Amino acid sequence: MPKKLAAGNWKMNGLREALAEVKALNDACPTHDCDVLICPPATLMRSMAKVCDDMQIDVGGQDCHENTSGAHTGDISAPMLADTGATYVILGHSERRATYGETDRQIRAKTTAAWNANLTAIVCIGETLEERDAANTLDIVGAQLATSVPDNATAATLVVAYEPVWAIGTGKTPTLSEIEEVHTFIRNRLTDRFGAEGAEMRILYGGSMNPKNAADIAAVPNVDGGLVGGASLKASDFIHIVQALNA
Ligand code: 13P
């Protein structure tokens, strides 16, 4: 069984004072069997990495450019993320796909860039409500997975996050059996493509995960953790999700 991962995606939230949340999280749960990751905005990465230096908490980015450097105003490269102390990066989040039109091919290039900088890539996939209603969920997720993930993925370098777009920030979640259906589908695709490595790759669920539903979602077969937005911002909420994944 892959080691579970509790990942917080802070999105565009958090000023310096929010570093206190990471300290509070560590105080409440200094050791844990699952991995714990916070992906703060880029402005906080270096200071958070310093705070987390002697904690069992990893720090990650929320995006990277596919090039290592160059004339790309406002962008951040994978080596720059690694230089702050980050060890992970979220790629292909649906908010970036929707707002910036990121394509599966771009996400694949970014994933390779992340690996070249020794970052573990968390590649996000998931269907919209229209796609689910049209019974296209597995086709969409399968196509995103096939094109966004490069061929040389390993369990150490790739995490897949299944995030139904309609569940993000809405308080709505799929049923447990709907989550199981998609996660099992993703697992089968990963093992078909990557063999034994695919069996060890972590598949996270994301979308309105909270202290109340975390334990039930964590118990679903092939759910190896969570990618948590709103409920990761406050240590008092996120700690319950860490504990659910730690059980
Ligand atoms: P919420 O947990 O706020 O629904 O966000 C999920 C998400 O988008 C994590 O990447």
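Note: the structure precedes this text.
In this text the structure is predicted, and so the values were computed from the model without any measurement.

Conventions used here
Residues numbered from 1 in each chain as written. Predicted model: local features only at pLDDT ≥ 70, side-chain atom pairs only at ≥ 80, totals over all residues. Heavy atoms only, no water. Helix = DSSP H or I, 4+ residues; strand = E, 2+ residues; numbered from the N terminus. Buried < 20%, exposed > 50% of the residue type's maximum accessible area, 1.4 Å probe, protein only. Contact = heavy atoms within 4.5 Å. Areas by Shrake-Rupley, 256 points an atom, 1.4 Å probe, with all protein chains shown as cover. Lys, Arg positive; Asp, Glu negative; His and termini not counted. Charge placed at Lys NZ, Arg CZ, Asp CG, Glu CD. Pairing = 2+ DSSP bridges. Axes fitted to C-alpha atoms, helices over the stretch in contact; angles between N-to-C directions. Expected span 1.5 Å × (residues − 1). Near = heavy atom within 4 Å. Polar contact = N/O pair within 3.5 Å; in protein donor to acceptor, adjacent residues only side chain to side chain. Nonpolar A, V, L, I, M, F, W, Y, C, P; charged D, E, K, R; others polar. Salt bridge = Lys/Arg side-chain N within 4 Å of Asp/Glu carboxyl O. 1 Å grid on protein atoms, 1.4 Å probe; cavity = no way out; pocket = protein on both sides within 12 Å on 5 of 7 lines; lining within 4 Å. Points joined across faces, edges and corners; volume = space filled by probe spheres on them.

Student: Give a description of the overall build of the chain that names residues and reports values.
Tutor: A tally of regular secondary structure across the chain gives 11 helices and 8 strands. Dimensions along the principal axes, computed over C-alpha positions, put the chain at roughly 45 × 45 × 35 Å. Burial statistics for the chain: of 247 residues in total, 52% are counted as buried. Sequence-distant contacts in the chain: of pairs separated by 6 or more residues, those separated by 24 or more amount to 73%. Carbon and sulfur atoms make up 50% of the accessible area of the chain, which totals about 11000 Å². Each charge class in the chain was averaged separately, 20 positive and 31 negative side chains, and the resulting centres sit 3 Å apart.

Student: Lay out the sheet that holds strand β8 (residues 225–228) in plain terms, naming residues and giving numbers.
Tutor: Taking strand neighbours around the barrel as the criterion, the 8 strands line up as β1-β2-β3-β4-β5-β6-β7-β8 in a closed arrangement whose pairing is parallel. When strand polarity is set aside, the average angle formed by the axes of neighbouring strands in this sheet is 25 degrees. Inspection of the sheet shows strand β6 (residues 158–162) paired to strand β7 (residues 202–206) by 4 bridges, in the parallel sense. Directly across from Val159, in β7, lies its bridge partner Arg202. Those strands touched by helix α7 (residues 137–148) are β5 (120–125) and β6, and its axis lies near 150 degrees from that of β5.

Student: Give me the lowdown on helix α5 (residues 104–116), citing residues and values where you can.
Tutor: Given a rise of 1.5 Å per residue, 13 residues ought to cover 18 Å, and the 18 Å separating the end C-alpha atoms of α5 matches this to within 8%. By the burial criterion, the buried members of α5 are Asp104, Ile107, Lys110, Thr111, Ala113, Ala114 and Trp115. Turning to α5, the residues buried within the fold contact α3 (78–84), β4 (88–91), α4 (94–100), β5, α7 and β6. Where α5 terminates, the next one or two residues include Asn118, which has phi positive at roughly 65 degrees.

Student: Explain the pairing of β5 residue by residue, including any values.
Tutor: The element β5 is largely enclosed, with a buried count of 6 among its 6 residues. Relative to β5, β4 runs parallel, the two being bridged by 4 bridges. Counted as the bridge partner of Leu91 is Val123 from β5. Bridge count for β5 against β6 is 5 bridges, and the pairing is parallel. If you follow Ile122 over to β6, its bridge partner there is Val159.

Student: Account for the site of the ligand, with residues named and values stated.
Tutor: Of all residues adjacent to the ligand, which total 13 residues, the nearest are Lys11, His93, Glu163, Gly169 and Ser208. For the ligand, an oxygen atom lies 2.8 Å from a polar atom in the backbone of Gly229. Within the backbone of Gly230, an N or O atom sits 2.9 Å from an oxygen atom of the ligand. Contact with the protein chains hides 94% of the accessible area of the ligand, taken as 310 Å² for the molecule alone. A per-class count over the shell around the ligand returns 4 nonpolar, 7 polar and 2 charged.

Student: Describe the pattern of salt bridges, and please don't skip the residues or the numbers.
Tutor: Under the definition given, this model contains 14 salt bridges. Between Glu178 and Arg132 there is a salt bridge, and its shortest N-O distance comes to 3.7 Å. You can see Glu178 sitting in helix α8 (residues 176–194) and its partner Arg132 sitting in helix α6 (residues 129–133), a full 46 residues away along the chain. According to the relative accessible area criterion, Glu178 is partly exposed, its value standing at 27%. The buried category is assigned to Arg132, whose relative accessible area is 17%. Overlapping salt bridges, with partners in common, bring together Asp63, Arg96, Glu102 and Lys110 in one network.

Student: Account for the layout of surface pockets, with residues named and values stated.
Tutor: In this structure, the largest pocket occupies an estimated 560 Å³ of space. Forming the boundary of the largest pocket are 20 residues, of which Lys11, Gln62, Asp63, Arg96 and Tyr100 lie nearest the centre. If you list the elements that add at least two residues to the lining of the largest pocket, you get α2 (42–51) and α4. Ranked by residue count, the leading element in the lining of the largest pocket is α4, at 4 residues. Residue composition of the lining of the largest pocket, grouped by class: 9 nonpolar, 6 polar and 5 charged.

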